[in-house]
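# Reading the structure
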Amino acid sequence: MKLLLAGLVVFLVVETHAQWYRFPVEAAQGSRDMWRAYSDMREANWKNSDKYFHARGNQDAAARGAGGRWAAEVISNGREWAQGLGDSGRGREDSEADQVANRHGRDGGDLNIYRPKGLPKKY
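Residues numbered from 1 in each chain as written. Predicted model: local features only at pLDDT ≥ 70, side-chain atom pairs only at ≥ 80, totals over all residues. Heavy atoms only, no water.

### Quick notes on unusual backbone geometry
Although it is not a glycine, Asn 45 sits at a positive phi angle of roughly 50°. The class of Asn 45 is exposed, set by a relative accessible area of 67%. (Buried < 20%, exposed > 50% of the residue type's maximum accessible area, 1.4 Å probe, protein only.)

Take a look at the structure:
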């Protein structure tokens, strides 16, 4: 019984630590997902679509795994922090609303609540 229990513990510890190599790959893929959402937002140039693309980029990145979720959080927080330094004219409320959309996406929420009417299906 002790041997079985010890084997189970070793298996769980090794399996948990054996995934460490995926984190950087997931982070790189998540960063690409964030860039693609930003590029799509610029390409679409659609009124009131900002929150949708925030949520979509975060959701796509987080779906990659822990590394993608981390990348999405770092990029989202960094973007909002950098916009707060300059005079983007958007204001604190808009930045907070962006962060709500970011978290909603990372948590796997329904993107359609942020999708503006008429936005092409391509996005």
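From this point, the discussion proceeds with the structure in view.
### A look at a nonpolar patch on the surface
The grouping of Phe 23, Trp 70 and Val 74 at the surface amounts to a nonpolar patch, some 280 Å² of accessible area in total. Mapped onto the elements of the fold, Val 74 is located in helix H4 (residues 66-85). By relative accessible area, Val 74 is classed as partly exposed at 42%. (Patch = residues over 30% accessible without salt bridge, like charges linked within 9 Å, V, L, I, M, F, W, Y side chains within 5 Å. Areas by Shrake-Rupley, 256 points an atom, 1.4 Å probe, with all protein chains shown as cover. Salt bridge = Lys/Arg side-chain N within 4 Å of Asp/Glu carboxyl O. Helix = DSSP H or I, 4+ residues; strand = E, 2+ residues; numbered from the N terminus.)

### What to know about the side chain of Arg 56
The topology assignment puts Arg 56 in helix H3 (residues 50-62). Beyond its immediate stretch of four places on either side in the chain, Arg 56 contacts Arg 36, Ala 37, Asp 40, Leu 111 and Tyr 123. (Contact = heavy atoms within 4.5 Å.)

### Some remarks on helix H2 (residues 22-44)
Three- or four-residue spacings in an α-helix give side chains the same orientation, since the helix completes a turn every 3.6 residues. For H2, which comprises 23 residues, the first-to-last C-alpha distance of 32 Å matches the rise-based estimate of 33 Å (1.5 Å per residue) to within 8%. Every buried residue of H2 is listed here: Glu 26, Ala 27, Gly 30, Asp 33, Met 34, Ala 37, Asp 40, Met 41 and Ala 44. Lining the buried residues of H2 we find H3 and H4. (Expected span 1.5 Å × (residues − 1).)

### Comments concerning the side chain of Lys 51
Within the fold, Lys 51 resides in helix H3. On the accessibility criterion, Lys 51 (18% relative accessible area) is buried. At 2.7 Å, the side chain of Lys 51 and the side chain of Asp 98 are in polar contact. Lys 51 has contacts with Asp 94, Ala 97, Asp 98, Ala 101 and Tyr 114, leaving out every residue within four places of it along the chain. (Polar contact = N/O pair within 3.5 Å; in protein donor to acceptor, adjacent residues only side chain to side chain.)

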